Structure formats: structure tokens, C-alpha cells
Amino acid sequence: MIAILDYEAGNLASVARSFQALAPQVVVTQDPAVVARAERLVFPGVGAARQAMAHLRRLGLDQALQEAWTAGKPILGICLGAQIILAHSAEGDTPCLGLLPGEVRRLNPNARTGEGRLKIPHMGWNQVRVVKDHPVLTGIPMGAEFYFVHSFYPSPASADLVLGVTDYGQEFPSIIGAGNLLATQFHPEKSGRFGLLLLQNFLNWDGTYAE
Amino acid sequence: MLSKRIIPCLDVRDGRTTKGIRFKDNIDVGDPVQMARYYYEQGADEIVFYDITASSDRREIMIEVVRQVAREIFIPFAVGGGIRSLEDMRAVLLAGAEKISVNSAAVKNPEIIAHGAQAFGSQCIVLGMDVKRVPVSDKIPSGYEIVINGGRTPMGLDALWWAQEAVRLGAGEICLNSIDADGTQTGYELTLTKLISEAVPIPVIASGGAGVPEHLYDVFSQAHADAALIASMVHFGTYTIAAIKQHLQAKGIKMRLLW
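The following paragraphs examine the structure supplied in this document. Keep in mind that what you see is a predicted model, and the values were worked out from it rather than measured.

1. Re the interface of chain A and chain B
As a measure of interface size, the accessible area lost when the parts come together is often cited.
Line of reasoning, step 1. Each side of the interface is counted separately: chain A has 35 residues, and chain B has 38 residues.
Line of reasoning, step 2. On inspection of chain A and its partner chain B, the count reaches three salt bridges.
Line of reasoning, step 3. Lys190(A) serves as the salt-bridge partner of Glu98(B), at 3.0 Å between the closest nitrogen and oxygen.
Line of reasoning, step 4. At the surface where chain A touches chain B, the tally comes to 15 residue pairs in polar contact (both at pLDDT 80 or more).
Line of reasoning, step 5. Elements with a contribution of two residues or more to the side of chain A that touches chain B: α1 (13-20), β10 (122-127), β12 (145-150) and α6 (192-204) of chain A.
Line of reasoning, step 6. Broken down by element, the side of chain A that touches chain B gets its largest block of residues, six residues, from β10(A).
Line of reasoning, step 7. The residue makeup of the side of chain A that touches chain B, split by class, is 15 nonpolar, 11 polar and nine charged.

The following block contains the structure:
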């Protein structure tokens, strides 16, 4: 069973639907006991870090995530779920889960292009340059684009944790991971064929990763 | 770099697409679900549906369309038309849409933008603006006025002011439709699009007037639109999305070419 964590951070309908298109047993849950029984976890989310952390703690899902991480279950973080797995977020100066070392930073609002100031949030399709091979990224071609909507980005403490990068006025980590955890700043569930491929790869992944 | 988005727009009445959309490929051109799937496979970056069903008690038909579309396409899509309340927004989002577009309801009750943004996040809330060129006056200093009812009812609001007000209220994106250009196929309203796009920190989707790929080039390169809405150009089979994208990429506009 695949558990999609519902901690009241945005609309999970599209994440659930994309997985349902690929796998028979998908459960959207707020229940730590269901999470404990799941074979793999999807940790999505949009919204503000502080509120999200408060909901996770109230529901006991912070603990459930820690346990799944320690137990080696495959975990996929998406968007906000790729941010609050780090130790701290600049969004509302929020202490986060700390599954991986690092922090969440704001995209530079003063970055400029030929057209003037970059718009924040970074919204739309952008390329991801895969910098490390990973089973979940198998088959994704150079130049593939994914759908982003965000104002903050994950900045892990070590370059070893960065699997993919994206350029938006600055280069930022758009795929991070270690061990049984992989997380994307973009939304694979809304990223067409290559997004679905990434989700399918995640479903096939045993949660091990050797560089 | 971020790609410029191309967004086909489908008008839906009582669960069926309108206009004489002509297609080959054995698809039911009256079926919004099949049309959405077709455009998804053709490389649309996003899709917009406008529900032009006259009667509000038939809204459930559109919700069912949204549900079916959400099972077929895996790119963002927005739904507009007839959304007047937080409950209307919630129904559309839970059915699987990524964004909701509010237009006249927001003009009449601007707080709906703020309430929607608080409840669902700014990224969900698109402000649709129908705009008409008028003489510059104290009331309309930009010379562009907000209109509703398909352009028939001027609202006495300056378009530039309204765009900035919508940002303040929490809109995440603006879909900017020129009533003057709409249906002409002679090109987007570049002056208007540039004015609004440069004045707001959120993405602007240009709408109204597209007839040939060069019109999209103009609105991206000269007016700095972030996305362009297209309708008859592709609905009548004159162009494919792939051909439009190739034209633009060749002229230096960044496009999503792999899908």
C-alpha cells in the first residue's frame, strides 16, 4: 500500500489521481497508523512551512515520517514536501523535520533577466538537469521539463544530496535525496509523461541508493 | 530558463465544447474530455476551460467534466466561468482542477480573491480580466477599462489599477483578455499586455486575438507575456501546438519541446 500524507497542506487531488493512474493501492491518509503499515510514502504539499509543520506535529505525522525514514521505506517528497524534510526553513523562520541537513531558502526576488525582474513565484515549466544518476530518474531525457510553482527552494547542506538542478535567475537544487528519500521541488503529478515516468520509477524503487 | 506557456482554451456549455471545432483523428470534437486529452498529447502546457453554461443549477455537469479531465491529463488545468463563491472554488479544485479563474464575480466582490487565496493558496487563483480600450480620463488613467458580460457592461474600473489590486488581494496569476482583439485573429493587444505584465509581479497570460504563430512571438518578445491563450488557431486545425512551438523556439523564445 502506498500512503499519500494528508496534513492539510493544499489540494491532494491531483497527486492522488496521478498515482491512482499507475498503482492499485493508493491511500490518502492523516493516520500515523496507516502510514506505519504503508510500504512507501508520498509526502506532497503546498503552502506555508510554519503551518505545515504545525499540522504535521498535531497529527503525529512528523513522527511517522521519521520512523519510515529510519525503517528505510521509499519516501517521495514533492514541493513543500521537498522543503520541510530539511532542518530549517527561511519561510517564517521555521524549524523543520531535519531528515536531511540543510535549509530552505527564498528565491532571489531581485534576480533579473533581459525582460526585467523575475516573477516570483517561479511558476511554469522549466528544465531539470540531472547531476546524479538515480533509479527514480531512469529514462528521463536531457532537456525534459517539469512543472514548478514555488517561492522557496531546498538547499541541502552538502552537494552530495543534490540530484538535479534548475535555472531560474539562479541555479537551485530541484531534486534532492539520500538513502530511501527522494524529493522534487517540482510537481511530477502535473508534469506530463516524464512526471508520470518519475512516479512510476518511484513505485518500482526498492529504496536503496548507492552513488 | 522558464518556458513560455501555450494554453489552449475550451468553451464548454452544458458539458459540450462549443464553436464548430473541426478535427480529424477520430476524436469527438464536442467532448471536452477527449479534446483535453488531444491537446495534452499535442504538447499543451496547460489547458483552460470556460464554463459558459447559462444556468447555475447545471454546474454539476461541469464538475463531472473536470473530474473526467483530471483522470486523462497530467498537466495543470484551470476552470473559469460561473465561479461565485468559495464553495464553487472548492468543488472545482476537489474535482481535480489546478486553478480557478474568477472574472466578473471578483469585480463585483473583490474579497473572493482574498478568501480564495487564503483557503487554497495564491497559486490556485487566476484573475480573469476583460479589458476594453477607452479614452484616457481621470477615472480610467491607463485608457483601459474593465468590462463584464462579454464586453457589454463597462465597470468604471481602470485595468491597471484592478490588476495591482488583485495582486494585493492575493491573485497568483492574471489572464488578460482584450475585448478589442478577441475574435479578430489580428494579434494580441500588445500595449495592454506589456502595460500589465510589467506592472505586476505575477505571471500574465495574454488572451484574445491570436491568429498566426507570429502573434505569439510578438506577445512574448515585445509584451513580455508569460503565457499565451489560443483558441481558433488550433481548434480549426489550422496549426498544431507543436508547429507553433517550433516556430517560436526557432525565433529564440524558450519553449517546452519534449513531452
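2. Quick notes on the pattern of salt bridges
Residue and element names in this part refer to chain B.
Line of reasoning, step 1. A complete count under the given rule lists 24 salt bridges over all chains for this structure.
Line of reasoning, step 2. Residue Lys194 is joined to Glu198 by a salt bridge in which the shortest nitrogen-to-oxygen separation is 3.3 Å. One end of the pair, Lys194, and the other, Glu198, are both in helix α7 (residues 190-199), four residues apart, so they sit about a helical turn from each other.
Line of reasoning, step 3. The class of Lys194 is partly exposed, set by a relative accessible area of 35%.

3. Thoughts on the sheet that holds strand β14 (residues 162-167) of chain A
Note: strands within a sheet are paired through backbone hydrogen bonds, in either parallel or antiparallel orientation.
Line of reasoning, step 1. Read across the open sheet, the eight strands follow the order β2-β1-β3-β4-β16-β15-β14-β11 (chain A); overall the sheet is mixed. Looking along the sheet, the strands with just one partner apiece sit at the ends: β2 (26-29) and β11 (129-130) of chain A.

4. Some points on the packing of helix α2 (residues 59-72) of chain B against helix α3 (residues 86-94) of chain B
All names here are of chain B.
Line of reasoning, step 1. Contact pair α2 / α3: the axes reach a minimum separation of 8 Å and the direction vectors enclose 30°. By the angle class used here, α2 and α3 are roughly parallel. Side by side, α2 and α3 meet where Arg59, Ile63 and Val66 of the first sit next to Asp88, Ala91 and Val92 of the second.
Line of reasoning, step 2. Among the residues making up the contact of α2 with α3, the classes are represented as four nonpolar, no polar and two charged.

Reading guide: rules and limits
- Numbering of residues starts from 1 in each chain and follows the order in which that chain's sequence is written.
- Chain letters start at A and ligand numbers start at 1, both assigned in the order the entries are written.
- A pLDDT threshold of at least 70 governs which residues receive local features in this predicted model, and a stricter bar of 80 or more applies before side-chain atom pairs are shown or counted, although totals over entire chains, interfaces and linings include all residues.
- Just so you know, side-chain values use all the structure's heavy atoms and leave hydrogens and water out.
- Contacts are assigned to residue pairs that have any heavy atoms within 4.5 Å of one another.
- Salt bridges, as used here, are contacts in which a Lys or Arg side-chain nitrogen is within 4 Å of a carboxyl oxygen on Asp or Glu.
- Think of a polar contact as two N or O atoms within 3.5 Å of one another; within protein, one of them needs to be a possible hydrogen donor and the other a possible acceptor, and neighboring residues in sequence only count if both atoms come from side chains.
- Segments assigned H or I by DSSP are reported as helices when at least four residues long, segments assigned E as strands when at least two residues long, and all are numbered from the N terminus.
- Throughout this entry, Asp, Glu, Lys and Arg are counted as charged residues, while Ala, Val, Leu, Ile, Met, Phe, Trp, Tyr, Cys and Pro are counted as nonpolar. The remaining residues, Gly among them, count as polar.
- Classification of residues uses two cut-offs on accessible area relative to the type maximum, computed with a 1.4 Å probe and protein chains only: under 20% is buried, over 50% is exposed, and between them is partly exposed.
- Two strands make a pair as long as DSSP finds a minimum of two bridges between them.
- Interaxial angle, 0 to 180 degrees, is taken between N-to-C directions of lines fitted to C-alpha atoms, where a helix line uses only the stretch in contact.
- In this scheme, roughly parallel covers angles under 35 degrees and roughly antiparallel covers those over 145, while 65 to 115 is roughly perpendicular and the rest are oblique.

Coordinates in, geometry out; function isn't part of it.
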